[in-house]
Amino acid sequence: MADLDGTTSSDLAALTARARQADAADPLAAVRDRFTLPDGLVYLDGNSLGALPTAVRPRIDALLDQEWGRGLISSWWDADWWRAPQRVGDLIAPLLGAAEGQVVVGDSTSVNVFRAVVSAWRLANADDPGRTEIVVDDTTFPTDGYLAASAARLLGASIRRRLLTESDAFDAHTAVVLANHVDYRTGRLWDLPEITARAHHAGARVVWDLSHSAGAMPIDLDRHGVDLAVGCGYKFLNGGPGAPAYLYVRSELQDRLEQPLPGWSSHAEPFAMEAEYRPASGIVRARGGTPEILSLLALEAALTVWEGVEITQVRAKSLALTDFFLDCVDALVEPGRFGCLTPRDDDRGSQVSLTASDAAELVPLLARHQVVGDHRPPDVLRFGFAPLYVGFAEVLRAAQVLAEVSRRPHH
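Sequence order sets the numbering: in each chain, residues are counted from 1 along the sequence as written. Where totals are concerned, whole chains, interfaces and linings use all residues; where local detail is concerned, this predicted model gives features only for residues with pLDDT of at least 70, and gives and counts side-chain atom pairs only at 80 or more. Side-chain calculation: all heavy atoms of the structure are included, whereas hydrogens and water are not.

- As recorded by an unreviewed UniProt entry, the protein carries the name Kynureninase and is attributed to Actinoalloteichus hymeniacidonis.
- Per UniProt, the protein carries the Cofactor (unreviewed entry) text "pyridoxal 5'-phosphate".
- The record held by UniProt for the protein lists under Function (unreviewed entry) the comment "Catalyzes the cleavage of L-kynurenine (L-Kyn) and L-3-hydroxykynurenine (L-3OHKyn) into anthranilic acid (AA) and 3-hydroxyanthranilic acid (3-OHAA), respectively." UniProt positions are given in the numbering used here, feature names are shortened, and annotations may be inferred rather than shown by experiment.

## Overview of the pattern of salt bridges
So, step 1. The salt bridge criterion pairs a side-chain nitrogen of Lys or Arg with a carboxyl oxygen of Asp or Glu, the two atoms within 4 Å. Under the defined criterion, the tally for this structure stands at 32 salt bridges.
So, step 2. With a closest N to O distance of 3.0 Å, E67 and R59 form a salt bridge.
So, step 3. Only protein chains enter the calculation, and the probe is 1.4 Å; a residue is then buried if its accessible area is under 20% of its type maximum, exposed if over 50%, and partly exposed in between. Taking the relative accessible area as the measure of exposure, E67 reaches 15% and is therefore buried.
So, step 4. Where R115 meets D107, a salt bridge forms, and the shortest distance between an N and an O atom there is 3.1 Å.
So, step 5. Taking the relative accessible area as the measure of exposure, R115 reaches 3% and is therefore buried.
So, step 6. According to the relative accessible area criterion, D107 is partly exposed, its value standing at 27%.
So, step 7. Salt bridges sharing partners connect three or more residues here, namely D127, R205, D227, R250, E252 and R256.

## A short note on the sheet that holds strand β15 (residues 380–384)
So, step 1. A pair of strands is treated as paired once DSSP finds two or more bridges between them. Counting from the N terminus, the helices are the DSSP runs of H or I reaching at least four residues and the strands are the DSSP runs of E reaching at least two. Read from one edge to the other, the open sheet built from four strands follows the order β11-β12-β15-β14, with strand pairing classed as antiparallel. Because the sheet does not close on itself, it has two edges, and the strands there are β11 (339–340) and β14 (374–376).
So, step 2. Both β11 and strand β12 (residues 351–355) contribute to a ladder of two bridges, which runs antiparallel. Note on β12: the bridge partner recorded for C340 is L354.
So, step 3. Throughout, a contact is declared for two residues whenever any of their heavy atoms are within 4.5 Å. Fitting a line to C-alpha atoms yields each axis, with helices limited to the stretch in contact; the angle taken between N-to-C directions then spans 0 to 180 degrees. Sheet strands touched by helix α9 (residues 311–332): β11, β12 and β15. Its angle to β12, the strand with the most contacts, is close to 25 degrees.

## Comments concerning the packing of helix α4 (residues 84–96) against helix α8 (residues 293–302)
So, step 1. Across the interface, α4 lies against α8 with an axial gap of 10 Å and an inter-helix angle of 25 degrees. Classified by the interaxial angle, the pair formed by α4 and α8 is roughly parallel. Judged by the twist between their axes, the crossing of α4 over α8 is left-handed. For the pair α4 and α8, the contacting residues are A84, P85, R87, V88, L91 and I92 in the first and I293, L296, L297, L299 and E300 in the second.
So, step 2. By the convention adopted, Pro, Cys, Tyr, Trp, Phe, Met, Ile, Leu, Val and Ala count as nonpolar, Lys, Arg, Asp and Glu as charged, and the other residues, Gly among them, as polar. Looking at the contact of α4 with α8 residue by residue, the class counts come to nine nonpolar, no polar and two charged. Here the word oblique covers every angle except those under 35 degrees (roughly parallel), over 145 (roughly antiparallel) and from 65 to 115 (roughly perpendicular). For any helix crossing, the convention is left-handed if the near helix is rotated counterclockwise from the far helix by under a right angle, and right-handed if that rotation is clockwise.

## So, the UniProt feature "binding site: pyridoxal 5'-phosphate" (unreviewed entry) in the protein
So, step 1. UniProt annotation of "binding site: pyridoxal 5'-phosphate" (unreviewed entry) refers to T109, S110, F141, P142, T143, D144, D209, H212, Y234, W264 and T290 when read in the numbering used here. The annotated residues occupy 182 residues of the chain and do not converge on a single region, their most distant C-alpha atoms lying 30.7 Å apart.
So, step 2. With respect to the helices, strands and loops of the structure, S110 is situated in helix α5 (residues 109–127).
So, step 3. Relative accessible area serves as the criterion here: at 28%, S110 is assigned to the partly exposed category.
So, step 4. Overall, the relative accessible area of 30% leaves F141 in the partly exposed class.
So, step 5. Not counting residues up to four positions away in its chain, the partners in contact with F141 are N180 and Y184.

## A closer look at a nonpolar patch on the surface
So, step 1. Patches here are clusters of residues that have more than 30% relative accessible area and form no salt bridge, with a 9 Å joining cutoff for like charges and a 5 Å cutoff for nonpolar side chains (Val, Leu, Ile, Met, Phe, Trp, Tyr). Method for areas: the Shrake-Rupley scheme with a 1.4 Å probe, in which residue coverage is limited to the protein chains shown. Side chains of L64, W68, L72, I73, W77, W264, F271, M273 and L294 sit close together on the surface and give an oily, nonpolar patch of about 990 Å² of accessible area.
So, step 2. What makes F271 partly exposed here is its relative accessible area of 46%.

Below is the structure:
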């Protein structure tokens, strides 16, 4: 056991040497300089809100001073605000394994989940009328379930919650499958290629929520034939609180897309102000109303942290960080003090979820010692590892603090 006062053990010495070696060999170590982080803070909540990229502040200053402040309405064209939803989408596309022209950015993840589920339902029933069911991942993020249920009521559909790994999860009644790539609570990574293939074999369309995976691992939407996908801009993409979400629509489906929230900016001639709606072609058809320029361009600036970064290196570091954290917990924390919900093999995202009856009390104790994680009721401690700015020495520090606060009486 290692105390915060510097007491060492052979286990701690070995872990310290391992952390130093891993940090020295880290090909992504220099990327941390692209972020603004408080000195001494070990930030392990990037799966909820990413850190601030240094490029965001000057971009927003220029936007306020020059584009909005002086250019005013002319900046829709002179500063290319109008195309921002597609332009920022094309920056996100490589992180999703998608070619250009298949991702648009705008609205919230919730809005885009609803938009995608209804659109997928209409596509499925256009091909095979009479499909009546939306299958929802039984471990889904709660909001996704709420939205799917609301869409089902409007469509006259039924909802079936299933564990998507079950062989009979989909059948001839299934129109849409709504799946989370990473379980937000446990960190388990679900098999996107296999689930997508089985859903397609049953004749269903698939909507993937990538909020807890995009920016932490390769995804390969195009290669695996995913129909639609959504995700947020504020977790591993570091776009800031409430950053706009993205919507992926596979290219061959775009001109068949009949989305439920058509807005003026997805009209074929948006400034014609016609009474009847005529959808634009391509990914523009998936847009909604007026783009949220301040947050959209903050996200665009944030995405510059990915310049020169290989997503395969990000995934390798993610697995190494989470492996190391689990090893540190095993070595430093009292045996049996925590359960572990996260798979020990590679079937995990970039987080580790531990369980303890006093999890809610431990989170503020960790924060007092400059280690930030989070709590999910009733008993889950979540630690998110953003490979672009988290290092191995910080992981060891977090485990040391966890060991210390978890063996002290709570006051």
